[in-house]
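A look at the structure
Spelled out from the first residue to the last, the chains are:
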Amino acid sequence: CQDIFKSMSESGVLNRGSDCDTLPGMFDLSMASNRIPYVWSLPHFYLVEASDSTQHPRNNLIGFVTPTGPRYRNMVVIERHSGRVLQKMFKEQISIRLYQDERNYFFTKHKSVAIPLYWRMDTKNATIAERQLLSVMQSTFRGLQAGFIACMVLGGVSLFAALFVGMLLYRDNSLQTVQEKRKRIQAELAAAIPPDAQEDREDAEERADLM
């Protein structure tokens, strides 16, 4: 807790400085409540932590159960596509602190405790019209998602088809290039042979045919 937050809390502003001198999970509301020692927490002091179990506020009270599970938590249900709130449940407990004080006989006969005054639960659910509107939006988003998937699949198939056709064209072009090179080499070799050698070669071929 920084000094700036504590000074703001002392001036009546409820912020991070309001939990400096309380257990984790509790907020001191006294400065924002005309110095009445109110304390905020979840019902049954849920999620309030104390390093020493004897200092836990439930330890000084009789008949309080130990809260577990989401029953005592705040809850918000959000529609993931639109971000609208479908359901919310806000729970809180306001307690009052009683201190030991020698100036008053009554305050010398009890422990320093935080006594719950009341619980408050605020619940809001989306109306039928809002749910119908959200269902239409969801179907629209699902249609867009299906179209996107179809486009991706079609694009992949087109890519593979283009690669296959390109490989065939490259193969045909390579074979044609090789044939043209062979013909050019043969023509160059034929042009390089002397005429006498050419006649001797033809005679040798004729004798070979007669034999």
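In what follows, the accompanying structure is described. Everything quoted here is computed from the prediction, not taken from an experiment.

Within the fold, Lys 124 resides in strand 5 (residues 113-125). Sequence separation between Lys 124 and Phe 90 is 34 residues; the distance between their C-alpha atoms is 9.0 Å. In contact with Lys 124, not counting residues within four places along its chain, are Leu 86, Gln 87 and Lys 88.

The next subject is the pattern of salt bridges. Side-chain pairing between opposite charges can occur once the charged atoms of the two side chains come close. In this structure the tally under the stated criterion is two salt bridges. The partner of Arg 120 in a salt bridge is Glu 92, and the shortest N-O contact between them spans 2.6 Å. A residue pair is termed long-range when its members are at least 10 positions apart, and Arg 120 in strand 5 and Glu 92 in strand 4 (residues 85-98) qualify at 28 residues. We note a salt bridge from Arg 171 to Asp 172, for which the minimum N-O separation is 3.8 Å. Judged by relative accessible area, which is 52%, Arg 171 ranks as exposed. Judged by its relative accessible area of 43%, Asp 172 is partly exposed.

A few words now on the packing of aromatic side chains. The description of an aromatic ring pair rests on the distance of the ring centres and on the angle between the ring planes. Taken as a whole, this structure holds one aromatic pair when the rule is applied. With 6.2 Å between their ring centres and 70° between their planes, Phe 27 and Trp 40 make a pair best called edge-to-face. Taken together, the residues Phe 27 in strand 1 (residues 27-28) and Trp 40 in strand 2 (residues 38-41) connect sequence positions 13 residues apart. Given the relative accessible area of 27%, Phe 27 is considered partly exposed. Trp 40 gets classed as buried once you look at its relative accessible area, which sits at 19%.

Conventions adopted
Residues numbered from 1 in each chain as written. Predicted model: local features only at pLDDT ≥ 70, side-chain atom pairs only at ≥ 80, totals over all residues. Heavy atoms only, no water. Helix = DSSP H or I, 4+ residues; strand = E, 2+ residues; numbered from the N terminus. Contact = heavy atoms within 4.5 Å. Salt bridge = Lys/Arg side-chain N within 4 Å of Asp/Glu carboxyl O. Buried < 20%, exposed > 50% of the residue type's maximum accessible area, 1.4 Å probe, protein only. Phe/Tyr/Trp six-rings, centres within 6.5 Å; stacked < 30°, edge-to-face > 60°.

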